[in-house]
Amino acid sequence: MLAIGTHMSIAEGIAKTAENVVKMEADTMQIFSRNPRGSGYKTYSEKEISRFLQIREEHHFGPVLAHAPYTMNLASPKESVYEFACMVIKEDIARMDALSIENLVFHPGSHTGAGVQAGIGNIIAGLDQAVTGQETITILLETMSGKGTEIGANFEELKAIREGVKHPERIGICLDTCHVFAAGYDIVNDLDGVLSEFDRVLGLDLLRAIHLNDSMMPFGSRKDRHAVIGGGEIGLEPLLAVLRHPALKGLPFYLETPLDDEGHKGEIKMIREKLASE
Ligand code: FE
Ligand code: FE
Ligand code: ZN
């Protein structure tokens, strides 16, 4: 079964959001673990949580993905920024794990001038104070476009983070098609080559989720601007090839394209029709 979902707002609560996923004829979802541009979060009643779990089960959702806030920079050399990030990642691993959410993805962060090695060291220490090793949830490092001083635009940096932590078994990878393309991995002309490079450096067994996005910015631009599927520099056919690729079979796909729920419903329908017409 191919699980496709989109990034969803949880303004209406987690159970209502799951209901909206069903209405969109999607079968998984990504949500923010807390306010993406701030620090607040809502707590859910027992009743709401059990309703969420029930909908997810009844409709055979694929793995649900939580996304950490953009304000969280675990690579930062600045003490206040770093302490905030350490607090958020620790709380959100525990909070999302308690909701039986399978994966939590985060942007590794930006070193803002301190250097890649220092940034990676901060990320490792930040994960070590957050991950107990007793969780069920897997924490995913997202592949990044490499804008500014962003860490994670190549597979080697993600490998260095994973191999540096005390509990590497709790760490996986989320591949964002827009980001890897902007970072200079040619998924348009050489998807097989990119995936075998991923396999050589990290191992395909670590890949747990795909962010399926087209890119407004050209190949290798190191700029992060998502486009609707087929409306960007990657194009429809190369993105369908990602969905069809045997090495990615069984993975959940999440759209983060600039559309509302109604638009996403249409995008998922279009993708399913294209995949079925072969
Ligand atoms: Fe992301
Ligand atoms: Fe993404
Ligand atoms: Zn992005």
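The structure under discussion appears in the preceding block.
Keep in mind it's a predicted model, so treat the numbers as computed, not measured.

1. Side note on the overall build of the protein
Helices and strands together make up the secondary structure of the protein, namely nine helices and 10 strands. A compact globule built from 278 residues would reach a C-alpha radius of gyration of about 19 Å, and the protein, at 18 Å, matches this within 12%. Expressed as lengths along the three principal axes of its C-alpha atoms, the size of the protein is roughly 50 × 50 × 30 Å. Within the span of the protein, comprising 278 residues, buried residues form 53% of the whole. Carbon together with sulfur atoms contributes 52% to the accessible area of the protein, which is approximately 11700 Å² in total. Positive and negative side-chain charges in the protein, numbering 27 and 40 respectively, have mean positions lying 3 Å apart.

2. What to know about the environment of Gln54
In this fold, Gln54 is placed in helix α2 (residues 46-58). Separated by 48 residues in the primary sequence, Gln54 and Glu102 place their C-alpha atoms 15 Å from one another.

3. Overview of the coordination of the iron ion (ligand 1)
Taken together, the protein donors to the iron ion (ligand 1) comprise His67 (NE2), His107 (NE2) and Glu142 (OE), at separations of 2.1 to 2.3 Å. Motif for the iron ion (ligand 1), donor spacing along one chain: H-x39-H-x34-E. In this structure, the iron ion (ligand 1) is positioned 3.2 Å from the iron ion (ligand 2), and both are ligated by Glu142. Residue His67 is located in strand β3 (residues 65-67), and its partner Glu142 is located in strand β5 (residues 138-142); the two are separated by 75 residues in the primary sequence. Judged by its relative accessible area of 2%, His67 falls in the buried class.

4. Describing the sheet that holds strand β7 (residues 207-212)
Ordered by their spatial adjacency, eight strands build a closed barrel running β1-β2-β3-β4-β5-β6-β7-β10, and the pairing between neighbours is parallel. Neighbouring strand axes in the sheet, compared pairwise and without regard to direction, differ in orientation by 30° on average. Bridging between strand β1 (residues 4-7) and strand β10 (residues 253-255) involves three bridges; their strand directions are parallel. Its bridge partner lying in β10, Ile4 is registered against Phe253.

5. Details of the pattern of salt bridges
According to the stated counting rule, one finds 14 salt bridges in the structure shown. Across the salt bridge formed by Lys16 and Glu12, the nearest N and O atoms sit 3.5 Å from each other. What makes Lys16 partly exposed here is its relative accessible area of 29%. You can call Glu12 exposed: its relative accessible area is 52%. A single salt-bridge network, built from bridges that share partners, covers Arg34, Glu91, Asp92 and Arg95.

Rules behind the numbers
- Residues numbered from 1 in each chain as written.
- Chains lettered and ligands numbered in written order.
- Predicted model: local features only at pLDDT ≥ 70, side-chain atom pairs only at ≥ 80, totals over all residues.
- Heavy atoms only, no water.
- Helix = DSSP H or I, 4+ residues; strand = E, 2+ residues; numbered from the N terminus.
- Rg over C-alpha atoms; globule rule 2.2 N^0.38 Å.
- Buried < 20%, exposed > 50% of the residue type's maximum accessible area, 1.4 Å probe, protein only.
- Areas by Shrake-Rupley, 256 points an atom, 1.4 Å probe, with all protein chains shown as cover.
- Lys, Arg positive; Asp, Glu negative; His and termini not counted.
- Charge placed at Lys NZ, Arg CZ, Asp CG, Glu CD.
- Donors = N, O, S within 2.8 Å, 3.2 Å for Na, K, Ca; no water.
- Pairing = 2+ DSSP bridges.
- Axes fitted to C-alpha atoms, helices over the stretch in contact; angles between N-to-C directions.
- Salt bridge = Lys/Arg side-chain N within 4 Å of Asp/Glu carboxyl O.

Nothing here speaks to function; it is geometry throughout.
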